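# Coordinate analysis (summary)
These are the residues of each chain, in order.
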Amino acid sequence: MAEGPSTLESSSQVDNEKSYSYLPQTYWGLDPLHRAFVKMFIRDVLEMDNYPGHPALNVYAYKNHPISRVDLLGWVVRVEEREKLFNYAIDDGTGVIGCTCWKPRVQSTTGKGLIDDNDYSTTGASTSANSAEQEFVEFLASKMQEIKKCVRQLRQPVKLGDLLHVRGRIKSYRGRREVGAAYFHLVVDPTCSTEIRRTMEQLQLYQDFYDVPFQLPRCQEGGDSSEAGVVKSLQDAIANFLSTNSTVLNFEIKELATVDSLMAIVQKARKENDSTINAKQVFSLFTRAVGGLEELGIVYKSDKDNLYVVIDRDATLESSVLDIVRRESQKPKYSESGCHYRHILDCLRTNHRFSGVSPNVVVHILDKLESQSDVISTSENYYIAF
């Protein structure tokens, strides 16, 4: 087993220095680690805290890097089989974490579910069938045997003591942190050479990237007194205000102008530009800032004029998206490949209440549902529910 790196032992000292600042959610996309499958040690995955200011999201902080996806390699120490998934626990020498791995959906040609273990028989074939028909029946029989063989192998692909490679999203289930696998693969490594090479690679990644706090570009750090800079500052401040005030379920733009911390940004820009800003201009600035949050999938505009809803606090929206995915997954057209998020969006917009929902909002909800194992992505932008 590979032992944890020495950099982990001194991580608490680096954290105490706090030589970095956490990123507003609007800047997470600038950090290349946010959307990547980060090759971390399991100990770090277990010890990371929720990203400050965003406890509802399955995003965690290593230094100030927003981490949501990980790439793990470890030895299987526990196997639990359920109807539609396997629960594996893997150990890389630094810790043990559970991994939820969904069983593959292999269906018979009749679409009635998994193929059983009974041998395909041709005894019912007519003895008077011509040679072409007989060849076709034999061809089908051979293909069915191949499919059944694959199914038997996939039903229990991993056993105790195997080396498993897992990629997926970090999530919490019943208070325990685990990984919802989007990909898992059995690694044959009798000499442990693969594990050794990976450990050396991880140590280098920690040194060069993970342990180096992400710094915003100077143009962002220093601020911008231009109109676009004020809108961006307002957008970040509104996002922070919404994340820290859990009682705010919805709001109107004019209500934001009554928040002192938000208006302070406008007043600061006015002083720096040595100009006056009237009420109409203030409303325009706030409208553009909220529009940016809508594009990021943080809020959506309801059917009521000027009323915006915080999506992480709207249980109805989440349940509506889940119901649509479940319903559409039952249709033959989507039962295998899943349905595209744009199709889900079109179905959602048939409800007048959600007519103003943007595509990014639906993607955000689907990502959240996937982290909760309510849906899974069959491929990029395609989702299915069981």
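Above this text is the structure in question.
Residues numbered from 1 in each chain as written. Predicted model: local features only at pLDDT ≥ 70, side-chain atom pairs only at ≥ 80, totals over all residues. Heavy atoms only, no water.

### Some details on the sheet that holds strand S11 (residues 307-310)
We count it as follows: A strand pair is defined by DSSP finding two or more bridges across the two strands. Helix and strand definitions here come from DSSP, where helices need a minimum of 4 consecutive H or I residues and strands a minimum of 2 consecutive E residues; each element is numbered from the N-terminal end. In this analysis an axis means a line fitted to C-alpha atoms, helices contributing only their contacting stretch, and an angle means the value between N-to-C directions, from 0 to 180 degrees.
A sheet is described by the order of its strands in space; here three strands give the open sequence S9-S11-S10, paired in antiparallel fashion. On the outer flanks of this sheet lie strand S9 (250-252) and strand S10 (299-301), each paired with one strand and no other. Strand-to-strand twist across the sheet, computed as the mean angle between neighbouring axes with direction ignored, equals 30 degrees. Summarising the sheet, S10 and S11 pair through three bridges and their orientation is antiparallel.

### Description of the sheet that holds strand S1 (residues 49-50)
In spatial order, the strands read S1-S2-S3; together these three strands make up an open sheet with antiparallel pairing. At either end of the open sheet lies a strand with only one pairing partner, and these are S1 and strand S3 (65-67). Where strand S2 (residues 60-62) and S3 come together, three bridges link them in antiparallel fashion. Within S3, the residue paired with tyrosine 62 across the bridge is histidine 65.

### With respect to the packing of aromatic side chains
The test is simple: Ring pairs shown here join Phe, Tyr and Trp side chains whose ring centres sit within 6.5 Å, with only the six-membered ring taken for Trp; geometry is labelled stacked below 30 degrees between planes, edge-to-face above 60, and tilted in between. For the exposure calls, accessible area comes from a 1.4 Å probe over protein chains only, and a residue counts as buried if that area is under 20% of its type's maximum, exposed if over 50%, partly exposed in between.
Applying the stated criterion across every chain, the model contains nine aromatic pairs. Aromatic side chains tyrosine 22 and tyrosine 51 sit 5.5 Å apart centroid to centroid with 80 degrees between the ring planes, which places their arrangement in the edge-to-face category. Pair noted here: tyrosine 22 is in the loop between helix H2 (11-17) and helix H3 (42-47) and tyrosine 51 is in the loop between S1 and S2, with a separation of 29 residues, a long-range link. Classification of tyrosine 22 by relative accessible area gives partly exposed; the value is 33%. Seen in terms of ring centroids, tyrosine 62 and tyrosine 206 are 5.8 Å apart; in terms of plane orientation they differ by 85 degrees. Their pairing is edge-to-face. You can see tyrosine 62 sitting in strand S2 and its partner tyrosine 206 sitting in helix H5 (residues 193-210), a full 144 residues away along the chain.

### A look at the side chain of arginine 177
Stated formally: Charge assignment in this entry is limited to Lys and Arg as positive and Asp and Glu as negative, and neither His nor the chain termini are counted. Salt bridge criterion: a side-chain nitrogen from Lys or Arg within 4 Å of a carboxyl oxygen from Asp or Glu. In the analysis that follows, any N or O atom pair within 3.5 Å is treated as a polar contact, provided that within protein one partner can donate a hydrogen and the other can accept it, and provided that, for residues neighboring in sequence, both atoms belong to side chains. A contact between two residues is defined here by any heavy atoms of the two lying within 4.5 Å.
Here arginine 177 is to be found in strand S8 (residues 176-187). With no salt bridge to any partner, buried arginine 177 finds its closest opposite charge in aspartate 49, at an N-O distance of 5.6 Å. Among the polar contacts made by the side chain of arginine 177, one reaches the main-chain carbonyl oxygen of valine 45 at a distance of 2.9 Å. Setting aside anything within four residues of it in sequence, one finds arginine 177 in contact with Val45, Leu46, Glu47, Met48, Tyr60, Ile97, Gly98, Ile170, Lys171 and Ser172.

### Observations regarding the nonpolar core
The following threshold applies: Residue types Ala, Val, Leu, Ile, Met, Phe, Trp, Tyr and Cys, when buried and joined through side-chain atoms within 4.5 Å, form a set referred to as a nonpolar core.
Formed by 28 residues in total, the largest nonpolar core has its most connected members in Met40, Ile67, Val70, Leu72, Ile90 and Ile97. Sorting the residues of this core by element identifies H3, S2, strand S4 (69-81), strand S5 (85-91), strand S6 (96-102), strand S7 (163-173), S8 and H5 as the ones contributing at least two each. Beyond its immediate stretch of four places on either side in the chain, isoleucine 67 contacts Leu33, Val38, Met40, Met48, Asn58, Val59, Tyr60, Tyr62 and Ile170.

### A few points about the packing of helix H11 (residues 315-329) against helix H12 (residues 341-349)
Our working rule: Two helices cross in a left-handed way if the nearer one is turned anticlockwise from the farther one by less than a right angle. They cross in a right-handed way if the turn is clockwise. Amino acid classes used here: Ala, Val, Leu, Ile, Met, Phe, Trp, Tyr, Cys and Pro are nonpolar; Asp, Glu, Lys and Arg are charged; the rest, including Gly, are polar.
In the contact formed by H11 and H12, the axes pass within 10 Å of each other and the chain directions differ by 120 degrees. Where H11 crosses over H12, the two elements pack in a sense that is right-handed. Note on element contacts: H12 touches H11 through His343, Ile344, Cys347 and Leu348, opposite Leu317, Ser320, Val321, Ile324, Val325, Arg327 and Glu328. In terms of residue class, the contact of H11 with H12 is made up of seven nonpolar, two polar and two charged.

### With respect to a nonpolar patch on the surface
As a reminder, the rule being used: Candidate patch residues must exceed 30% relative accessible area and have no salt bridge, after which like charges are joined if within 9 Å and Val, Leu, Ile, Met, Phe, Trp or Tyr side chains if within 5 Å. To measure how exposed things are, a 1.4 Å probe is used in the Shrake-Rupley method; for residues, cover is taken only from the protein chains shown.
Taken together, the side chains of Phe136, Phe139 and Leu140 present a nonpolar region at the surface, about 290 Å² in accessible area. Examined against the element boundaries, phenylalanine 139 turns out to sit in helix H4 (residues 131-155).

### Considerations on unusual backbone geometry
At lysine 63, a residue that is not glycine, the phi angle is positive and equals roughly 55 degrees. For lysine 63, the location among the structural elements is in the loop between S2 and S3. One non-glycine residue, cysteine 192, lies in the positive phi region at around 65 degrees. Among the residues examined, cysteine 192 registers a relative accessible area of 26% and is labelled partly exposed.

### Considerations on the environment of glycine 95
Mapped onto the fold, glycine 95 is located in the loop between S5 and S6. A residue is classified by how much of its surface remains accessible, and glycine 95, at 14% relative accessible area, is buried. Discounting residues that sit within four places of it in the chain, glycine 95 has contacts with Ile42, Arg43 and Ile90.

### Looking at H11
What counts here: Each residue after the first adds 1.5 Å to the expected span of a helix.
Taking 1.5 Å of rise per residue, 15 residues should cover 21 Å, and H11 covers 21 Å from first to last C-alpha, within 8% of that figure. Every buried residue of H11 is listed here: Leu317, Glu318, Ser320, Val321, Leu322, Ile324, Val325, Glu328 and Ser329. Where H11 begins, the side chain of aspartate 314 points an oxygen toward the backbone nitrogen of threonine 316, at a separation of 3.2 Å.

### Thoughts on the pattern of salt bridges
What the rule picks out here adds up to 14 salt bridges. Lysine 159 is the partner of aspartate 162 in a salt bridge, and the nearest nitrogen-oxygen pair spans 3.5 Å. Among the ionic pairs, arginine 353 bridges to aspartate 314, the shortest N-O distance being 3.5 Å. Of this pair, arginine 353 sits in the loop between H12 and helix H13 (359-371) while aspartate 314 sits in the loop between S11 and H11, placing them 39 residues apart in sequence. Among the charged side chains, a network of salt bridges with common partners joins Asp71, Arg167 and Arg198.

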